[in-house]
Amino acid sequence: MEKKKIILSGMRPTGKLHIGHYVGALENWVHLQDSYKNYHLIADYHTLTTSLDTSNVYDDTIDMVVDWIASGIDPESSPIFRQSQVKEHTELFLIFSMLITKARLEKNPTLKDQVRDMNLQSITYGHLGYPVLQAADILLYKGDLVPVGEDQVPHVEITRQIAGFFNEKYSLPGDKKIFPIPEPKITKFARLPGLDGKAKMSKSLGNTILISDGIDEIKNKVKKAFTDPNKLRKGDKGNPDICLIFTYHNKFNPSQVSEIREGCTSGTLGCFDCKMNIANKINDFFTPVHNKRSELENNLDYIKDVLRDGEKKAKDVAEKTMSEVREAMKLG
Ligand code: TRP
């Protein structure tokens, strides 16, 4: 039997996740579970690039893991682990940081976006180098594929460059290369727009529906959502193509999409009814996740066990890779 390809996916621990995370990442991870060997990394060190306050990182990690498992990740076959608990990440990060220039990192478009208003001189050394830590995250597990959104593609590109350069310089006896050259696996249904009409749901914009939100919260949130500004009341003709609620119907209520388009454009369907309809559909969609979630919330010891177990499995793989790296570099 052919060996399964390896997927390394990663996310910063941001606490409870929103339905944009579900559509943009989680659903895809779950879908890939059977055909690949998956590792799910919690990028807790990466949070230091944007905030040095670490007091919530642990709780945010637990909340996120609950959402992962409730959404269908099987931690038994796909280890879930924190970057900070596997020391090999920092070792490989150090070695990799010698293989890439500062100029190359300064050209990283994701970094340019993040520091838009800041001067490059004022960011930390670690922030500039965080794609190098990400390269170590991916390559310690010999990831072949990395599921990411568009914004993370440049980091996979940096990872490919580092892997290629390392392989060129160092190898095991018989010229055996240690690292694969990983590829990004772009998520298809890229992103859900936020409730305010912005292109992306994001906690910092306060425009999200959380995976864990119940029906009342969902209703309250969608009530205030941005819709076609020319459709003020039932009877007015609307344009579903500029309405974010319509995008949600596409995803969570596909069987009624044409009926809703017709009702909106002719004016027979009012926005309030349309919103209450989608609130119910979103709630129905996530009901199995909510049920699993409340089970898990009552059993946080299980979540801690998942991390302990995942970190042990990750550590075994990471140690093996590091011993190959040491052997190839004659650092042993
Ligand atoms: N850099 C990613 C982010 O900011 C998180 C991340 C860290 C990651 N390590 C990773 C993603 C490895 C994929 C693979 O969202």
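Below, the structure is looked at part by part. Keep in mind that this is a model prediction, so the values were computed, not measured.

In this section: the nonpolar core. The tendency in soluble globular proteins is for nonpolar side chains to be buried side by side. Membership of the largest hydrophobic core comes to 45 residues, with the highest contact counts inside it found for Trp68 and Tyr248. If one sorts the elements of this core by residue count, helix H12 (residues 271-297) sits on top with eight residues. Leave out the neighbours within four places in its chain, and tryptophan 68 touches Met11, Leu17, Leu26, Trp29, His40, Leu41, Ile42, Ile73 and Ile80. Counting residues in each nonpolar core, the second largest holds 40 residues, with Val132, Ala135, Ala136 and Ala314 among its members.

Let's shift gears to the pattern of salt bridges. Applying the stated criterion to the full structure yields 18 salt bridges. Among the ionic pairs, aspartate 67 bridges to arginine 293, the shortest N-O distance being 2.6 Å. Pair noted here: aspartate 67 is in helix H2 (residues 57-70) and arginine 293 is in helix H12, with a separation of 226 residues, a long-range link. Note that glutamate 91 is salt-bridged to arginine 326, the shortest N-O span being 2.5 Å. Within this pair, whereas glutamate 91 is found in helix H3 (residues 88-96), its partner arginine 326 is found in helix H13 (residues 300-329), the two being separated by 235 residues in sequence. For glutamate 91, a relative accessible area of 27% puts it in the partly exposed group.

Glancing now at empty space enclosed by the protein. Sizing a probe to match a water molecule and rolling it over the atoms shows the empty space that remains. For the coordinates displayed, the defined rule picks out one cavity of 30 Å³ or more. Lining the largest cavity, in full, are Thr227, Asp228, Lys231, Pro240, Cys243, Phe246, Ile260, Cys264, Leu269, Gly270, Cys271 and Cys274. Those elements that provide at least two residues to the lining of the largest cavity are helix H11 (257-266) and H12.

Relative to the helices and strands, threonine 265 resides in helix H11. Placed 28 residues apart in sequence, threonine 265 and lysine 237 show a C-alpha to C-alpha distance of 4.9 Å. Ignoring anything within four residues of it in the chain, the contact list for threonine 265 reads Lys237, Gly238 and Pro240. A polar contact is formed between the side chain of threonine 265 and the backbone oxygen of glutamate 262, at a distance of 3.2 Å.

Taken together, the residues surrounding the ligand are Leu8, Gly10, Arg12, Leu41, Ala43, His46, Tyr130, Gln134, Asp137, Ile138, Val146 and Gln152. Side-chain polar atom of aspartate 137 to a nitrogen atom of the ligand: 2.7 Å apart, as the coordinates give it. Here a nitrogen atom of the ligand sits 3.1 Å away from a polar atom, N or O, in the side chain of glutamine 152. Burial of the ligand by the protein chains amounts to 90% of its free accessible area of 370 Å².

So, about helix H7 (residues 130-140). Most of H7 sits out of view: 11 of its 11 residues are buried. Along H7, the residues classified as buried are Tyr130, Pro131, Val132, Leu133, Gln134, Ala135, Ala136, Asp137, Ile138, Leu139 and Leu140. With its phi angle positive at about 50°, lysine 142 sits one or two positions after the end of H7.

As a further point, take the environment of leucine 99. Relative to the helices and strands, leucine 99 resides in the loop between H3 and helix H4 (102-106). When the C-alpha positions of leucine 99 and valine 132 are compared, they lie 9.4 Å apart, and in sequence the two are 33 residues distant. Not counting residues within four places of it along the chain, the set of residues in contact with leucine 99 comprises Ile162, Phe165 and Phe166.

Next up on the list: the pairing of strand E4 (residues 145-148). Burial along E4 is two-sided: Leu145 and Pro147 and Val146 and Val148, pointing in opposite directions, are all buried. Note that E4 and strand E5 (residues 183-186) share four bridges and pair parallel. Within E5, the position partnered with proline 147 by the bridge is lysine 185. In this fold, E4 hands off to helix H8 (residues 153-169), which returns the chain to E5; that crossover is right-handed.

With that settled, the discussion passes to the state of the cysteines. Tallied over the full model, the rule gives zero disulfides. Of the cysteine sulfurs around cysteine 264, a residue in no disulfide, the closest is that of cysteine 271, at 6.3 Å. Residue class for cysteine 264 comes out buried when judged on its relative accessible area of 12%. In this model cysteine 271 remains outside any disulfide bridge; the closest cysteine sulfur is found in cysteine 243, 6.3 Å from its own. The class for cysteine 271 is partly exposed, based on a relative accessible area of 22%.

Within the element layout of this structure, aspartate 213 appears in the loop between E5 and helix H9 (215-223). The class for aspartate 213 is buried, based on a relative accessible area of 3%. A distance of 2.9 Å separates the side chain of aspartate 213 from the backbone nitrogen of leucine 210, its partner in a polar contact. Not counting chain neighbours up to four residues away, the residues in contact with aspartate 213 comprise Ile218, Lys221, Asn283 and His290.

Rules used in this analysis
Residues numbered from 1 in each chain as written. Predicted model: local features only at pLDDT ≥ 70, side-chain atom pairs only at ≥ 80, totals over all residues. Heavy atoms only, no water. Core = buried A, V, L, I, M, F, W, Y, C linked by side-chain atoms within 4.5 Å. Buried < 20%, exposed > 50% of the residue type's maximum accessible area, 1.4 Å probe, protein only. Helix = DSSP H or I, 4+ residues; strand = E, 2+ residues; numbered from the N terminus. Contact = heavy atoms within 4.5 Å. Salt bridge = Lys/Arg side-chain N within 4 Å of Asp/Glu carboxyl O. 1 Å grid on protein atoms, 1.4 Å probe; cavity = no way out; pocket = protein on both sides within 12 Å on 5 of 7 lines; lining within 4 Å. Points joined across faces, edges and corners; volume = space filled by probe spheres on them. Polar contact = N/O pair within 3.5 Å; in protein donor to acceptor, adjacent residues only side chain to side chain. Near = heavy atom within 4 Å. Areas by Shrake-Rupley, 256 points an atom, 1.4 Å probe, with all protein chains shown as cover. Pairing = 2+ DSSP bridges. Right-handed = clockwise from strand over helix to strand, strands pointing away. Disulfide = S-S within 2.5 Å.

These values are about where atoms sit, not about what they do.
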